[in-house]
Amino acid sequence: CFDNIDAVIFVAALSDFDQATDKIKRTKNSNKMVEALELFQFVCYNRAFANTSVLLFLNKKDIFAEKIRYSDIVAQRPFHDYAGPLGDFDHGVLYFIQK
């Protein structure tokens, strides 16, 4: 099914760090960024893509830059371990890359 694939492009919205998932799908981990990170991990460790490059694109950085001025990353339960400065774009992006 996935033969001859050179790369998988995975896109996640940085601005979703404080967004809940749809009410219908609401679960214990009902944060859109958490769901994106879990799906990315699933793709990375999937045997079907063992010999395939996986490219991560974090988009909506302009919205993220605006949002972190009033919506703190550490205030979001799944990201309580964020230790960067409040409202700092570069530290915020690096935090999610390292997640």
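Please refer to the structure placed before this passage.
Throughout what follows, the structure given in this document is the object of discussion. (Residues numbered from 1 in each chain as written. Predicted model: local features only at pLDDT ≥ 70, side-chain atom pairs only at ≥ 80, totals over all residues. Heavy atoms only, no water.)

1. Brief notes about the pattern of salt bridges
Phase 1: As enumerated under the stated definition, the model contains two salt bridges in all.
Phase 2: A salt bridge links Lys-67 to Asp-18; the shortest N-O distance between them is 2.6 Å. Here Lys-67 is found in helix H2 (residues 61–67), whereas its partner Asp-18 is found in the loop between strand S1 (7–13) and helix H1 (32–45), with 49 residues between them in sequence.
Phase 3: Across the pair Lys-99 and Asp-81 runs a salt bridge, and its minimum N-O distance is 3.4 Å. Residue Lys-99 is found in the segment after helix H3 (89–98), and its partner Asp-81 is found in the loop between H2 and H3; the two are separated by 18 residues along the sequence.
Phase 4: A residue is classified by how much of its surface remains accessible, and Lys-99, at 43% relative accessible area, is partly exposed.
Phase 5: The exposure class assigned to Asp-81 is partly exposed, which follows from its relative accessible area of 43%. (Salt bridge = Lys/Arg side-chain N within 4 Å of Asp/Glu carboxyl O. Helix = DSSP H or I, 4+ residues; strand = E, 2+ residues; numbered from the N terminus. Buried < 20%, exposed > 50% of the residue type's maximum accessible area, 1.4 Å probe, protein only.)

2. Quick notes on the packing of aromatic side chains
Phase 1: On inspection of all chains with the given rule, the structure shows nine aromatic pairs.
Phase 2: Seen from their ring centres, Phe-17 and Phe-64 are 5.5 Å apart, and the 80° between their planes marks the pair as edge-to-face. Of this pair, Phe-17 sits in the loop between S1 and H1 while Phe-64 sits in helix H2, placing them 47 residues apart in sequence.
Phase 3: Clustering of aromatic rings is evident, with ring pairs tying together Phe-17, Phe-64, Phe-79, Tyr-82, Phe-89, Tyr-95 and Phe-96. (Phe/Tyr/Trp six-rings, centres within 6.5 Å; stacked < 30°, edge-to-face > 60°.)

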